[in-house]
Amino acid sequence: MSADKSAEKIETKNTETASAGKASNGNSSSDTLFYLILVVTLLLTDVVLSFYYYRNQSGFDMRWILAALDISTILSVMGLAGKRVGHFLTSMKLAMTMLFVIAILSIIGTWLPQGEAVLESGWVKNPLYDVYRTLGLFNVYQSRWFLAILYLLAFNLSFCIFKRLPTTYRHTLKPRVDVKEKFIVNQPLASVVDGAGEKGMGIARQSLSGMRYRIRPGQTGSVMAEKGRYSGIASIAFHLSFLLIGIGAMLGAVFGFDETVEIREGQTVDVRGTNLKATNYDFQIKYTDVMEEGRSTGSMPTKYSTDLEVFSDGQSLERKVITVNGPLRISTYNPVLTFLASLKVNFHQASYYQSDRGIVSVLQVNQGPGKSLIYLGFFLMMGGICFSLYFPHRRIWLKVSDSDQLLVGGRTNRAKVTFQRDFERLTSELRVKMGQEDKAHG
Amino acid sequence: MGNIFSHDLLTRYEEILFIVAVISYLVCSGIFIWYLISRNEKAAQLGTILLTMGLVAHTVALALRWGTSGHAPMSNTYESLSLFGWGIVLFFLIAQRFYPIRAAGALVVPTAFLITSVAGVFYQGPDIPLAPALQSIWLWIHVTIAMLSYGLFALAFGAGFLYIIQENLLKKNYKGVVTAFTLLFAALGLVLGLWIGSMLAEPVTVQDPITRTVGNDYSFSDYFRIFGGGFIGLVVLLGLGYFAGRGASKRSFSNILPSLDVLDEVSYRGVAFGFPLLTIGIVTGAIWADQAWGRWWGWDPKETWSFITWLFYGGYLHTRLTMGWRGKHSAILAVVGLIVVLITYLGVNFFFSGLHSYATG
Ligand code: HEM
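None of these values were measured; they are calculated from a predicted model. (Residues numbered from 1 in each chain as written. Chains lettered and ligands numbered in written order. Predicted model: local features only at pLDDT ≥ 70, side-chain atom pairs only at ≥ 80, totals over all residues. Heavy atoms only, no water.)

Engineer: Go over the overall build of chain B with me, naming the residues and quoting the values.
Structural biologist: A tally of regular secondary structure across chain B gives 11 helices and two strands. Starting at the N terminus, the α and β elements of chain B follow one another as α-α-α-α-α-α-β-β-α-α-α-α-α. Across its three principal directions, the C-alpha atoms of chain B cover 60 × 55 × 40 Å. Within chain B, buried positions represent 60% of all 361 residues. Pairs at least 24 apart in sequence give 79% of the contacts found in chain B among residues at least 6 apart. Within the structure as shown, chain B displays about 14,900 Å² of accessible surface, and the carbon and sulfur contribution to it stands at 71%. The positive charge centre, built from 20 side chains, and the negative charge centre, built from 17, are 17 Å apart in chain B. (Helix = DSSP H or I, 4+ residues; strand = E, 2+ residues; numbered from the N terminus. Buried < 20%, exposed > 50% of the residue type's maximum accessible area, 1.4 Å probe, protein only. Contact = heavy atoms within 4.5 Å. Areas by Shrake-Rupley, 256 points an atom, 1.4 Å probe, with all protein chains shown as cover. Lys, Arg positive; Asp, Glu negative; His and termini not counted. Charge placed at Lys NZ, Arg CZ, Asp CG, Glu CD.)

Pasting the structure below:
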């Protein structure tokens, strides 16, 4: 019930802001001019950059920038055509559609072979192979249009978060403590206890603090009790975390690198994409017996490590024995990204294989300039969702009317039945202690 | 040796306790189904007590496994399925303390029995060493929490399914009841059959000469086992579902089931409690991958499907909160959700191979 109402509220708010903003049919001429300039600028940039990108397939991954230009161009064309872009971007319908679309595209990505795997699959011989490849279906998650959809989701999310901020701010920091009697009686859950008076108020307050509600007495005799006040902020933190992780991923894709490096024992190799060299002094494997019913039935490698030293311009930077889950992290100076100065390059022990000239250690060497944002996002995501779902916002208002009735009313944003139980416990305690029947409403 | 705490004896205790737990789930399945038919409150009480004892035995078995193997119980099919079943029973016992849903035991407990007995089929001793990549604390947080979230989604599914049944019963739409039972059983039969078939298949492990990724090469007889298993599972459970549906198509059956409000709330709370756990599970998995390979997300099939599962339940919560969906629509989503979970958990290992495929053996 309460959620139905809030859903309605979101919808009606949308239409209000939209119609208040501008006349519902068509743009004013200044808007048209604005959108026209926007469309031309974006379109030109997009076309020129795309041309440049596809002509010289440089190592710099510009798809992220191109996809952003694509989606901005489309949105501004919509604006030029008289669509209410702001309205479109704040709609929950768009959000749901996007979630659905992304899920479907992800399924396609797990169904068709992705990346290099396609070259060894039967798909190469398929007559539609070139069409599929051009559509990016063999590289769904890095394709320009997939990224464009992610951008649309990110815009949608940012607009929604922005729109919700004032409401959440009010709910969290400016709670409505002083309310009218009518407000209480109109709550989704409401009850009136006749003749309870101030005595009933005392009992109710005690009962509510027993249920760990936080009591806030108002100026005009009404009292508000609440629980889970930070639920709304937590929800915003959770949604914000997608943006942080997205920005971090973008930084990583555009400015980071990820290379597979193979080194035999005693060999020194260049790490592509950096000015680093790495030496493998010693490679060790530890085997452990596989036991079944008390007997050894073979053995399995359970630990392998490379004694690795990393050099920059002939100077040793660091030496460490790296293991799986135990990488070497080196701070370097990357000339391209002077403004980010010290960025860590990580050397991970990935695997090894036997070649005819000895064991080759396979390392995964990478650098992720967005990692700190991503980890911040991870923790906001985990904390945000736990607080928002495990501690839902519950509010109960109390007031003694002129005719000595105790008015009780409350609402929650989720888990209605559970809240109802709190509410019933409160009213039944009141009833028992006051020794009388109450008139149930709602 | 004589030491009652020796490694081998502890392994034996674990085996025995696990078997005790599975047997108690079997007996409790019978009791809860009997409760549904007879509405004998004593039966439900007895079932709850026995189930709690079974859970205790199961808990000790898991703890022993942790001790003897030296890592959290999550490294092979036996351990992770056992944990999945444990989660289902645990959350059912918790839920029935707060909501009048003991009748749902007739659906939930047999599911737990099925899952744990399949775990038993794939029993593996504790002395299989862990591959190096799996030796990480993030990994066990990742798997344990993900399994617990699956347990909650299974609970949400059970309550959602009963919601659909109850609603049809109240409307006297017995055709709907039979259809729901048949469809559900057939789908479960297909998934389980495919999965068991794929476990019986013996694909040749091949390593790609260029990328050196390891994959499976299936022969014709392997496909025969896999799809044969799927077909047999489908047919057997389809028939079973039809008769179960016929049996349930009684008016008195509706009185035994919890009310629509309670079923809706339990289903919702299952998702609402499971979703944050799933989120933590996925994030800790990403952190683990970042520690091991320096790449936190690689769109491998398992990752992608867990992402899809996450989007799906995120969508479920959205439809409730912002579109006001309740009741039947939500129940259908909760039912479909478990199918998505099963694809993520079982299907991906079979259909695709990636970094994760060796994690569950
Ligand atoms: C464009 C994208 C999105 C928008 C605009 C959006 C918007 C919202 C809004 C307005 C709420 C209500 C917040 C509140 O009342 O506290 C909400 C809740 C929620 N959203 Fe989103 N969201 C988006 C994407 C997602 C995604 C991708 C997920 C995860 C799969 C997600 C999961 C949730 C969850 C779990 C809740 C809480 C539901 C509940 O409290 O019952 N959202 N979202």
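Engineer: Let's hear about the layout of surface pockets: which residues, and what values?
Structural biologist: All names here are of chain B. Put simply, the second largest pocket is a space of about 950 Å³. In this structure, the second largest pocket is lined by 38 residues; those nearest its centre are Ile33, Ala106, Leu107, Pro110 and Phe185. Contributions of two or more residues to the lining of the second largest pocket are made by α1 (7-38), α3 (77-98), α4 (105-121), α5 (137-170), α6 (174-200), α7 (220-248), α8 (251-256) and α11 (327-351). A total of seven residues in the lining of the second largest pocket trace back to one element, the largest contributor, which is α4. (1 Å grid on protein atoms, 1.4 Å probe; cavity = no way out; pocket = protein on both sides within 12 Å on 5 of 7 lines; lining within 4 Å. Points joined across faces, edges and corners; volume = space filled by probe spheres on them.)

Engineer: Let's hear about the coordination of the iron atom of the ligand: which residues, and what values?
Structural biologist: Protein-derived ligands of the iron atom of the ligand are A:His239 (NE2) and B:His318 (NE2), with the metal-ligand distances lying across 1.9 Å. Bound by six donor atoms, the iron atom of the ligand shows angles of 79 to 179 degrees at the metal and therefore octahedral coordination geometry. A residue pair is termed interchain when its members come from two chains, as with A:His239 in helix α10 (residues 231-255) and B:His318 in helix α10 (residues 301-323). (Donors = N, O, S within 2.8 Å, 3.2 Å for Na, K, Ca; no water. Tetrahedral: all angles 85-135°; square planar, octahedral: opposite > 155°, others 65-115°.)

Engineer: Go over the site of the ligand, please, and point to the residues and values.
Structural biologist: The local shell around the ligand holds 23 residues, among which A:Asn156, A:Leu157, A:His239, A:Arg414 and B:His318 are the closest. Chain contributions to the surroundings of the ligand come from chains A and B. Contact between the ligand and B:His318: a nitrogen atom at 2.5 Å from a side-chain N or O atom of the residue. Counting residues per element, the ones that place at least two in the shell around the ligand are α5 (92-111), α7 (144-173), α10 and α11 (371-390) of chain A together with α9 (260-293) and α10 of chain B. Counting residues per element, the shell around the ligand draws most heavily on α10(B), which supplies six residues. (Near = heavy atom within 4 Å. Polar contact = N/O pair within 3.5 Å; in protein donor to acceptor, adjacent residues only side chain to side chain.)

Engineer: Which residues make up the interface of chain A and chain B, and what are the values?
Structural biologist: Contacts between the two partners involve 67 residues from chain A and, on the opposite side, 55 residues from chain B. When residues of chain A are sorted by the area they lose upon contact with chain B, A:Thr110, A:Asn325 and A:Tyr390 head the list and together hold 12% of the total. At the surface where chain A touches chain B, the tally comes to one salt bridge. For A:Lys371, the salt bridge goes to B:Asp290, with nearest N and O atoms at 2.9 Å. One can count seven residue pairs in polar contact (both at pLDDT 80 or more) joining chain A with chain B. Per element, the largest residue contribution to the side of chain A that touches chain B is 11 residues, and it comes from α11(A). (Buried area = accessible area lost by both parts, 1.4 Å probe. Salt bridge = Lys/Arg side-chain N within 4 Å of Asp/Glu carboxyl O.)

Engineer: So what about α7(B)? Which residues, and what values?
Structural biologist: Taking 1.5 Å as the rise per residue, α7(B) with 29 residues should run 42 Å; its terminal C-alpha atoms sit 41 Å apart, in good agreement. Of the residues making up α7(B), those classed as buried are B:Asp222, B:Ile226, B:Gly229, B:Gly230, B:Gly233, B:Leu237, B:Gly241, B:Gly245 and B:Ala248. (Expected span 1.5 Å × (residues − 1).)

Engineer: I'd like a rundown of the nonpolar core, residues and numbers included.
Structural biologist: If you look at the biggest cluster of nonpolar residues, it comprises 152 residues, and the most contacted ones within it are A:Phe378, B:Leu51, B:Phe92, B:Ile165 and B:Trp310. In terms of residue count, α5(B) provides more of this core than any other element does, 19 residues in total. With 21 residues, the next largest nonpolar core counts A:Val193, A:Ala225, A:Ile396 and A:Leu398 among its residues. (Core = buried A, V, L, I, M, F, W, Y, C linked by side-chain atoms within 4.5 Å.)

Engineer: Kindly report on the pairing of strand β13 (residues 406-412) of chain A, identifying the contributing residues and their values.
Structural biologist: Two faces belong to every sheet, and in a regular strand the side chains alternate between them. Residues and elements named next belong to chain A. Within β13, six of the seven residues are buried, which leaves it mostly tucked inside the rest of the structure. As paired elements, strand β1 (residues 189-193) and β13 share five bridges and run antiparallel to each other. Paired with serine 191 across the strands is valine 408, a residue of β13. Sheet analysis places strand β12 (residues 394-400) next to β13, joined by seven bridges and oriented antiparallel. Bridge pairing links valine 400 to leucine 406 in β13. Here β12 folds back onto β13, and the loop between the two strands holds five residues, one of which, aspartate 404, carries a positive phi near 65 degrees. (Pairing = 2+ DSSP bridges.)

Engineer: Quick rundown of unusual backbone geometry? Include the residues and the values.
Structural biologist: Trans peptide bonds make up the majority, and among non-glycine residues the majority have a negative phi. A positive phi angle, near 65 degrees, is found at A:Arg212, a position not held by glycine. Position of A:Arg212 among the secondary structure elements: in the loop between α9 (197-210) and β2 (214-217). Residue class for A:Arg212 comes out exposed when judged on its relative accessible area of 71%. For B:Trp299, which is not glycine, the phi dihedral falls at a positive 55 degrees.

Engineer: Please provide a residue-by-residue account of the pattern of salt bridges, values included.
Structural biologist: Scanning the entire structure with this criterion turns up 16 salt bridges over all chains. Here A:Asp70 makes a salt bridge to A:Arg144, at a shortest N to O gap of 2.6 Å. Of this pair, A:Asp70 sits in helix α3 (residues 63-80) while A:Arg144 sits in helix α7; the two residues are 74 residues apart in sequence, bridging distant segments of the chain. On the accessibility criterion, A:Arg144 (19% relative accessible area) is buried. The salt bridge involving B:Glu167 is made with B:Lys171; its shortest N-O contact spans 3.9 Å. A relative accessible area of 56% places B:Lys171 in the exposed class. Residues joined by salt bridges that share partners form a network here, namely A:Asp46, A:Asp70 and A:Arg144.

Engineer: How would you sum up the packing of aromatic side chains? Please name residues and give values.
Structural biologist: Inspection of the entire model under this criterion finds 39 aromatic pairs over all chains. Pairing A:Tyr141 with B:Trp299 gives two aromatic rings, centres 4.0 Å apart and planes at 0 degrees, and the pair type is stacked. Placement of A:Tyr141 in the loop between α6 (129-134) and α7 and of B:Trp299 in the loop between α9 and α10 is noted, with the two residues assigned to different chains. The class for A:Tyr141 is buried, based on a relative accessible area of 5%. Ring centres 5.0 Å apart and planes at 75 degrees place the aromatic pair B:Trp66 and B:Trp140 in the edge-to-face group. Here B:Trp66 is found in helix α2 (residues 41-69), whereas its partner B:Trp140 is found in helix α5, with 74 residues between them in sequence. With relative accessibility at 36%, the residue B:Trp66 sits in the partly exposed group. A cation over a ring is seen here: A:Arg176 above A:Phe183, with NZ or CZ 4.4 Å from the ring centre. Geometry around A:Tyr281 places A:Arg319 over its ring, the cationic atom sitting 3.9 Å from the centre. (Phe/Tyr/Trp six-rings, centres within 6.5 Å; stacked < 30°, edge-to-face > 60°. Lys NZ or Arg CZ within 6 Å of the ring centre and 35° of its normal.)

Engineer: Account for the packing of helix α12 (residues 416-434) of chain A against α9(B), with residues named and values stated.
Structural biologist: Interhelical geometry of α12(A) versus α9(B) gives an angle of 115 degrees and a closest axis separation of 8 Å. Taken together, the axis directions place α12(A) and α9(B) in an arrangement best described as roughly perpendicular. Listed contacts from α9(B) to A:Lys416, A:Val417 and A:Thr418 of α12(A) are B:Asp261, B:Glu265 and B:Arg269. Grouping the amino acids of the contact of α12(A) with α9(B) by side-chain chemistry returns one nonpolar, one polar and four charged. (Axes fitted to C-alpha atoms, helices over the stretch in contact; angles between N-to-C directions. Parallel < 35°, antiparallel > 145°, perpendicular 65-115°, else oblique. Nonpolar A, V, L, I, M, F, W, Y, C, P; charged D, E, K, R; others polar.)

Engineer: Break down a nonpolar patch on the surface for me, with residues and values.
Structural biologist: Residues and elements named next belong to chain A. Together, Leu33, Leu36, Ile37, Val40 and Leu44 make up a nonpolar patch on the protein surface, roughly 480 Å² of accessible area in all. Mapped onto the fold, leucine 33 is located in helix α2 (residues 29-55). According to the relative accessible area criterion, leucine 33 is exposed, its value standing at 53%. (Patch = residues over 30% accessible without salt bridge, like charges linked within 9 Å, V, L, I, M, F, W, Y side chains within 5 Å.)

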